[in-house]
Amino acid sequence: MGTGSMEGEIKVNSRRGWSRYLRHVTRLESWRRLISHFSSWPRRMLLRRKLAAQKMRRAQMQYLREPRVGAIVQFFNKRGNIPMLWRGLQAAAFDEIIVLEDGSVDGSAGIWQKQLQHPNQVLIRTNDLYEIIGYDRAMRYCKAEIVVLLQDDDEPPPNDRWVRRALELFDAHPEMVYLGAHHSMDILPRDPAPEGGEADWTVDGDLQSIAGVFKQRMIMLDERHDAFQFVMATVRSPVFIRRKEFLEIGGFDLDFAPFIGDDVDNCIRIWQAGYKVGVFNVKFRRDIGLGGMRAFNKASFGPQTMRNWHRIYQKHVAAIADGSVRAKVEEANRGLRVDR
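This report concerns the structure included in the present document. Within any chain, residue numbers begin from 1 and follow the written order of that chain's sequence. For this predicted model, a pLDDT threshold of at least 70 governs which residues receive local features, and a threshold of 80 or more governs which side-chain atom pairs are given and counted, while totals over whole chains, interfaces and linings are taken from all residues. To obtain the side-chain values, all non-hydrogen atoms of the structure were included, while hydrogens and water were left out.

1. Topic: the overall build of the chain
Thinking step 1. Here a strand is any run of E in DSSP of at least two residues, a helix any run of H or I of at least four, and the numbering for each starts at the N terminus. Along the backbone of the chain there are 13 helices and 13 strands.
Thinking step 2. Here the chain, with 340 residues, has 44% of them falling under the buried criterion.
Thinking step 3. Excluding contacts between residues fewer than 6 apart, the proportion of contacts in the chain whose partners are at least 24 apart in sequence is 80%.
Thinking step 4. Note on areas: Shrake-Rupley, 1.4 Å probe, and residue coverage restricted to the protein chains presented here. Summing over all exposed atoms, the chain offers an accessible surface of approximately 19000 Å²; the carbon and sulfur share of this is 53%. Burial classes follow relative accessibility: with a 1.4 Å probe on protein chains only, a residue under 20% of its type's maximum area counts as buried, one over 50% as exposed, and anything between as partly exposed. Two residues qualify as a contact provided that any one of their heavy atoms is within 4.5 Å of a heavy atom in the partner residue.

2. Notes on the sheet that holds strand β3 (residues 121-125)
Thinking step 1. By this definition, two strands are paired if DSSP reports at least two bridges between them. Overall, mixed pairing links the eight strands, which are arranged β3-β2-β1-β4-β12-β5-β13-β10 in an open sheet. Edge positions in the sheet fall to β3 and β10 (228-230), since each of these pairs with one other strand and no more. Taking each pair of neighbouring strands and ignoring which way they run, the sheet shows an average axis angle of 20 degrees.
Thinking step 2. The sheet contact formed by strand β1 (residues 69-75) and strand β4 (residues 146-151) spans six bridges and is parallel. Bridge pairing links Gln74 to Gln151 in β4.
Thinking step 3. Interaxial angle, 0 to 180 degrees, is taken between N-to-C directions of lines fitted to C-alpha atoms, where a helix line uses only the stretch in contact. In this fold helix α5 (residues 108-115) packs onto β1, β2 (96-101) and β3, with an angle of close to 160 degrees to the strand it touches most, β3.

3. So, the sheet that holds strand β7 (residues 201-204)
Sheet strands pair by backbone hydrogen bonding; their relative direction is either parallel or antiparallel.
Thinking step 1. Overall, antiparallel pairing links the five strands, which are arranged β7-β8-β9-β6-β11 in an open sheet. Where the open sheet ends on each side, the last strands, each with one partner, are β7 and β11 (233-234).
Thinking step 2. In terms of strand pairing, strand β8 (residues 207-210) meets strand β9 (residues 214-219) through four bridges, oriented antiparallel. Bridge pairing links Ser209 to Lys215 in β9.

4. A look at unusual backbone geometry
Of all residues except glycine, most have a negative phi; of all peptide bonds, most are trans.
Thinking step 1. Put simply, Arg236 and Ser237 share a cis peptide bond, and its omega is -5 degrees.
Thinking step 2. For Ser237, the position within the fold is in the loop between β11 and β12 (239-242).
Thinking step 3. Of note, the bond from Ser237 into Pro238 is cis; its omega dihedral lies within 30 degrees of zero at 0 degrees.
Thinking step 4. Secondary-structure assignment places Pro238 in the loop between β11 and β12.
Thinking step 5. Despite not being glycine, Asn77 shows a phi value in the positive range, around 55 degrees.
Thinking step 6. Inspection of the secondary structure assignment puts Asn77 in the loop between β1 and α4 (82-92).
Thinking step 7. The backbone of Asp287 shows a phi angle near 55 degrees, a positive value even though the residue is not glycine.
Thinking step 8. Relative to the assigned elements, Asp287 resides in the loop between β13 (276-280) and α10 (293-296).

5. Describing the pattern of salt bridges
Thinking step 1. Whenever a carboxyl oxygen of Asp or Glu lies within 4 Å of a side-chain nitrogen of Lys or Arg, that contact is scored as a salt bridge. Inspection of the entire model under this criterion finds 22 salt bridges.
Thinking step 2. A salt bridge links Glu155 to Arg285; the shortest N-O distance between them is 2.4 Å. Separated by 130 residues along the polypeptide, Glu155 in the loop between β4 and α7 (161-172) and Arg285 in the loop between β13 and α10 bring together distant segments of the chain.
Thinking step 3. The partner of Asp255 in a salt bridge is Arg311, with the nearest N and O atoms 3.9 Å apart. Of this pair, Asp255 sits in the loop between α8 (243-248) and α9 (262-272) while Arg311 sits in helix α11 (residues 298-315), and the two are 56 residues apart along the sequence.
Thinking step 4. Beyond isolated ion pairs, a larger network of salt bridges with shared partners links Arg68, Glu145, Asp171 and Arg242.

Following this line, the structure appears as structure tokens:
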């Protein structure tokens, strides 16, 4: 290529570059971007300082790939309970914490986001999924070997002894998948529904029933701090679960959604799968703070309870009627007495 040709090409390129420059500087959008760049400078510097401080803090926190025990907290519009819950979660020293923030409108999500700083602490923000679907989603997200399900209106003990005791029981009974610390029951064949009217709630000693709906014998542990036994069913919270084994038998049955009765179904399925369900003593303060399922869902609570108890008896009619699960519980407790 000759010298003249090269000079001509340089001039053409120069004119093209100058033309592009003129088009650029005369566009309103270009000036807006320039102004935005300079006006956002203070905010960018603030974010950089915050990110640097955050990275420094988190560099000192080790992410656990295989946490032993984790907590899943179901939460909805109980902002005033966050300090109480956070103290309990910290005292328990969980390896992993997942807060299920189910669409609160009281500013709770922002407070939880500030609290959950460790790499193994997670905030899941959902939109009115209620208990069962929320727990199911979180259980499948969780990495812990053993997970405890907690509620937003229960105050955990101010120490980690209850968690260590639960882990001791799981180690002592590797076939146990479900360990409750609330009330437990023996599910019995229900009485026939009365003709021409609705049945009343009846209580006779430790028996509770509504004819045509359900019948159960309540299981009361003694007051010893180390009291433990196997039971047919126990309800949350708290409930400790071996996550892998629980998911292998199907996890939560979402047909019970949005709430009530799924924990009874969980326990019967666990026994039928060859595993065990237990209960032990933990001192929780319960029903703290305004709100909760019964406050926000008064109209649907009763019908949902009736619907799901009918589902339990339809699904497990043989296991309840023939006493097969009850026999497994009795056999497990006989073995427990021998071990002692």
